[in-house]
Amino acid sequence: MNVFLDGSFAFSLEAEVAMKKNLKLEQELSEAEIEALTGADLFQRCLNAAFRYLGYRPRSEAELRERLKRRGFEAGNVEAVLTRLREQGLVDDLAFAQFWKDNRETFRPRSQWLTRLELRRKGVTDNIIDQVVADVDDEDSAYRAAQSRAHRLPDSDYEGFRHRLSGYLKRRGFGYSVINNTVERLWQENNK
């Protein structure tokens, strides 16, 4: 909404702010009220930007803080918005880390090491990461990751099969022994 003072445009406000502050036509505003309105408007704009960013997928608190600062919002507004979102349960690093791990486990299995690295890059603290990835089983994850890939590889050439599947699993962060066990298991299953 556009606010006009003495017949000329002064500033604009988010509609939510105007409604919350109960603004009316021909209302007189003091300097303190104008300052309070612009402060509330900046907070609301920051909150709306956070909602839009969270609309795509859950985010870690660090991701959201970084995004809002990059968008030019002041640190005070960013922290106030993060506090509000935490209170509403919309920003929760433990829930985010669990979502991230479950999503990876379901659609693109990775090693415990790579899952840790991804979460660390998202700004999740080490104690939350330890709590969430503790139950990741590298053997099972490697097997599930390699199953669909193994069916597309030629099963007449062991060296080619091993080389391509090993590279695939290595890029997903699995260790040497896990890769060898998985490749051998899938080779045996595919050549029965």
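This structure is a prediction, so every number in the text was calculated from the model and none was measured.

Moving on, we come to helix α2 (residues 31–54). Taking 1.5 Å as the rise per residue, α2 with 24 residues should run 34 Å; its terminal C-alpha atoms sit 35 Å apart, in good agreement. Three or more residues of α2 are buried, namely Ile34, Leu37, Asp41, Phe43, Gln44, Cys46, Leu47, Asn48, Ala49, Ala50, Tyr53 and Leu54.

Moving on: the nonpolar core. Core analysis: the biggest nonpolar cluster contains 16 residues, and Phe161, Leu165, Leu169, Phe174, Val183 and Leu186 have the highest contact counts within it. Taken together, the elements giving at least two residues each to this core come down to α8 (138–150), α9 (158–171) and α10 (176–190). If near-sequence neighbours (up to four positions away) are discounted, leucine 169 is found in contact with Ala142, Ala145, Ala146, Phe174, Ile179, Thr182 and Val183. Membership of the second largest hydrophobic core comes to 15 residues, among which are Ala49, Tyr53, Leu85 and Val91.

Further remarks concern the packing of aromatic side chains. Tallied over the full model, the rule gives 3 aromatic pairs. Taken together, a centroid distance of 5.1 Å and an interplanar angle of 55 degrees make the contact between phenylalanine 161 and tryptophan 187 tilted. In this pair, phenylalanine 161 is assigned in helix α9 and tryptophan 187 in helix α10, connecting sequence segments 26 residues apart. Like phenylalanine 161, the residue tryptophan 187 is buried in the burial classification. These aromatic residues form a ring-pair network of at least three members: Tyr158, Phe161 and Trp187. Arginine 59 extends its terminal NZ or CZ atom over the ring of tyrosine 53, reaching a point 3.8 Å from the ring centre. Between arginine 172 and the ring centre of tyrosine 168, over which it is positioned, the NZ or CZ distance is 3.9 Å.

This part is about the environment of arginine 120. Locating arginine 120 in the fold gives a position in helix α6 (residues 112–121). On the basis of relative accessibility, which here comes to 42%, the residue arginine 120 falls in the partly exposed class. Those residues in contact with arginine 120 that sit more than four places away from it in its chain are Asp126 and Ile129.

Moving on, we come to the side chain of threonine 115. Structurally, threonine 115 can be placed in helix α6. At 2.9 Å, the side chain of threonine 115 forms a polar contact with the backbone oxygen of serine 111. Apart from residues lying up to four places away in sequence, threonine 115 is in contact with Lys101, Arg110 and Val133.

Each value, and the rule that gives it
Residues numbered from 1 in each chain as written. Predicted model: local features only at pLDDT ≥ 70, side-chain atom pairs only at ≥ 80, totals over all residues. Heavy atoms only, no water. Helix = DSSP H or I, 4+ residues; strand = E, 2+ residues; numbered from the N terminus. Expected span 1.5 Å × (residues − 1). Buried < 20%, exposed > 50% of the residue type's maximum accessible area, 1.4 Å probe, protein only. Core = buried A, V, L, I, M, F, W, Y, C linked by side-chain atoms within 4.5 Å. Contact = heavy atoms within 4.5 Å. Phe/Tyr/Trp six-rings, centres within 6.5 Å; stacked < 30°, edge-to-face > 60°. Lys NZ or Arg CZ within 6 Å of the ring centre and 35° of its normal. Polar contact = N/O pair within 3.5 Å; in protein donor to acceptor, adjacent residues only side chain to side chain.

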